Amino acid sequence: VLRSPHRTAPHRIVSRARRRQLAMAMAMRTMSSPPRPPLRMRMKAPRRHLSSPLHCFARGAPGARGRGSPGFARSTKPMVKSRRSSAVTAASASGVAETLAHVVGVCVVTGACVRSLPQILRIHKSRSAKGLSLGSFTWESIGLTLVLAYNVSREYPLSTYAECIALVIQDVIVACQIFYFRHGFAKSATPFALSAVGGVAMCATLFWWLPAQPFGAQALLSLNAVAGLIVNGSRLPQIVMNLKRGNTGELSWVTQALNVCGSIARIFTTLTLTQDILNLALQVTGLLLNGTLLAQCYRTIQMRRSGELVDDDVDAVVEEPKLA
């Protein structure tokens, strides 16, 4: 049988099979790992991705001096550096604001420790509590206790609410002075004892029992809203009594001035540290009411200087308004 010239020799057949194996192995290697770029491309500077469309207008952008050129690399560095510097500046400004807020909070707590001291000394010196509303100080102490329980449960910084402790103690002292100088010790012993028992029970409920309940967080949030209304509403009996009397009696203007300063400082610390909208609204409302009391005290001082106010001992005539 004559061999056809178109037929391939046996060694040629083996060689073609080997070539197919090598081609398949090369294809598998190509699929598993990307091919390396040519040497001339590897020698160039690495291309930088555009981090912002504004970089296209920078000097040395692609198209002006070539894509991936050193000029393009140099043009992006100042912009990245300026962006980092602006971020660092913003962070440092935020840190300064927080530090200042903590310092202001400490000053508020320090001032709160002596807020009612002028009022206490004035009552003790005059041996009279004329012109002072008992309900105002009583309701304020209750409301501040609720505010204190809410802030403790939310784990806010101590500098944002520590003044509540000092204010509650001072309000209790002033309330005891008012009741003692109006009714005497014999009639004051029983109300004092009942008030002490009620205060201990309220603190145990707010600080120990209620936070352990499943509904404790929501209940304290609701009580904080009620507490804000109580604290701010406690100013109303005093304001109404001053309007009926025509003067503020033994109400200390120093205490009211400290209340106004404390409200302003608390607005700043709330905006900076906690951003609690409810507390912020309550502080703004308290600032308006404290400002009203301070204005009434200023009016009384002007009346005394001009001689318009001669006898302001009219507690027996004016009936103290009650907080609804």
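Residues numbered from 1 in each chain as written. Predicted model: local features only at pLDDT ≥ 70, side-chain atom pairs only at ≥ 80, totals over all residues. Heavy atoms only, no water.

### So, the overall build of the chain
Then, in step 1: When helices and strands are tallied, the chain shows 10 helices and 0 strands.
Then, in step 2: Along the chain, helices (α) and strands (β) appear in the sequence α-α-α-α-α-α-α-α-α-α when read from the amino end.
Then, in step 3: The 324 residues of the chain split such that 35% are buried.
Then, in step 4: Long-range pairs, those at least 24 residues apart, make up 77% of the contacts in the chain with a sequence separation of at least 6. (Helix = DSSP H or I, 4+ residues; strand = E, 2+ residues; numbered from the N terminus. Buried < 20%, exposed > 50% of the residue type's maximum accessible area, 1.4 Å probe, protein only. Contact = heavy atoms within 4.5 Å.)

### Comments concerning the nonpolar core
Then, in step 1: Counting residues in hydrophobic clusters, the biggest one holds 18 residues, and the most contacted among them are L144, L146, C164 and L206.
Then, in step 2: Elements with a contribution of two residues or more to this core: helix 5 (134-154), helix 6 (163-209) and helix 7 (216-233).
Then, in step 3: If near-sequence neighbours (up to four positions away) are discounted, L144 is found in contact with C164, L167, V168, D171 and V231.
Then, in step 4: Ranked by size, the runner-up nonpolar core spans 13 residues in total, among them I123, L132, I178 and L251. (Core = buried A, V, L, I, M, F, W, Y, C linked by side-chain atoms within 4.5 Å.)

### Points about the packing of helix 5 against helix 6
Then, in step 1: At a closest axis distance of 8 Å, the pairing of helix 5 and helix 6 adopts a crossing angle of 15 degrees. The pairing of helix 5 with helix 6 is recorded here as roughly parallel in orientation. Considering how the two elements wind past one another, helix 5 and helix 6 form a crossing that is right-handed.
Then, in step 2: Residue classes in the contact of helix 5 with helix 6 are distributed as 22 nonpolar, 3 polar and 3 charged. (Axes fitted to C-alpha atoms, helices over the stretch in contact; angles between N-to-C directions. Parallel < 35°, antiparallel > 145°, perpendicular 65-115°, else oblique. Left-handed = near helix turned anticlockwise from the far one by under 90°. Nonpolar A, V, L, I, M, F, W, Y, C, P; charged D, E, K, R; others polar.)

### Thoughts on unusual backbone geometry
Then, in step 1: Look at R127: it is not a glycine, yet its phi comes out positive at around 55 degrees.
Then, in step 2: Structurally, R127 is set in the loop between helix 4 (117-126) and helix 5.
Then, in step 3: According to the relative accessible area criterion, R127 is partly exposed, its value standing at 47%.

### Remarks on empty space enclosed by the protein
Then, in step 1: Considering all chains together, one arrives at 1 cavity of 30 Å³ or more under this definition.
Then, in step 2: There is about 110 Å³ of room inside the largest cavity.
Then, in step 3: Taken together, R115, S136, F137, E140, R235, Q238, L251, T255, Q256, N259 and L293 make up the full set of residues lining the largest cavity.
Then, in step 4: Classifying every residue of the lining of the largest cavity gives 3 nonpolar, 5 polar and 3 charged. (1 Å grid on protein atoms, 1.4 Å probe; cavity = no way out; pocket = protein on both sides within 12 Å on 5 of 7 lines; lining within 4 Å. Points joined across faces, edges and corners; volume = space filled by probe spheres on them.)

### Some remarks on the packing of helix 7 against helix 8 (residues 235-245)
Then, in step 1: Between helix 7 and helix 8, the least distance of the axes is 5 Å, while the angle of their chain directions is 20 degrees. Taken together, the axes of helix 7 and helix 8 lie roughly parallel to each other. In this structure, helix 7 uses V231, N232 and G233 to contact helix 8, whose residues at the interface are R235, L236 and P237.
Then, in step 2: Here the residues of the contact of helix 7 with helix 8 sort into 3 nonpolar, 2 polar and 1 charged.

### Looking at the pattern of salt bridges
Then, in step 1: Evaluated as defined, the whole model comprises 7 salt bridges.
Then, in step 2: We note a salt bridge from R235 to E140, for which the minimum N-O separation is 3.0 Å. With R235 in helix 8 and E140 in helix 5, this residue pair connects regions lying 95 residues apart in the sequence. Take R235 and E140: they sit in the same class, and that class is buried.
Then, in step 3: Between E308 and R299 there is a salt bridge whose closest N-O contact spans 3.9 Å.
Then, in step 4: Residues joined in a network through salt bridges with shared partners are R115, E140, D171 and R235. (Salt bridge = Lys/Arg side-chain N within 4 Å of Asp/Glu carboxyl O.)

### Focus on the side chain of N242
Then, in step 1: Structurally, the position occupied by N242 is in helix 8.
Then, in step 2: Owing to a relative accessible area of 3%, N242 belongs among the buried residues under this scheme.
Then, in step 3: Residues within four places of N242 in sequence aside, it is in contact with G131, N247, T248, L251, L293 and Q296.

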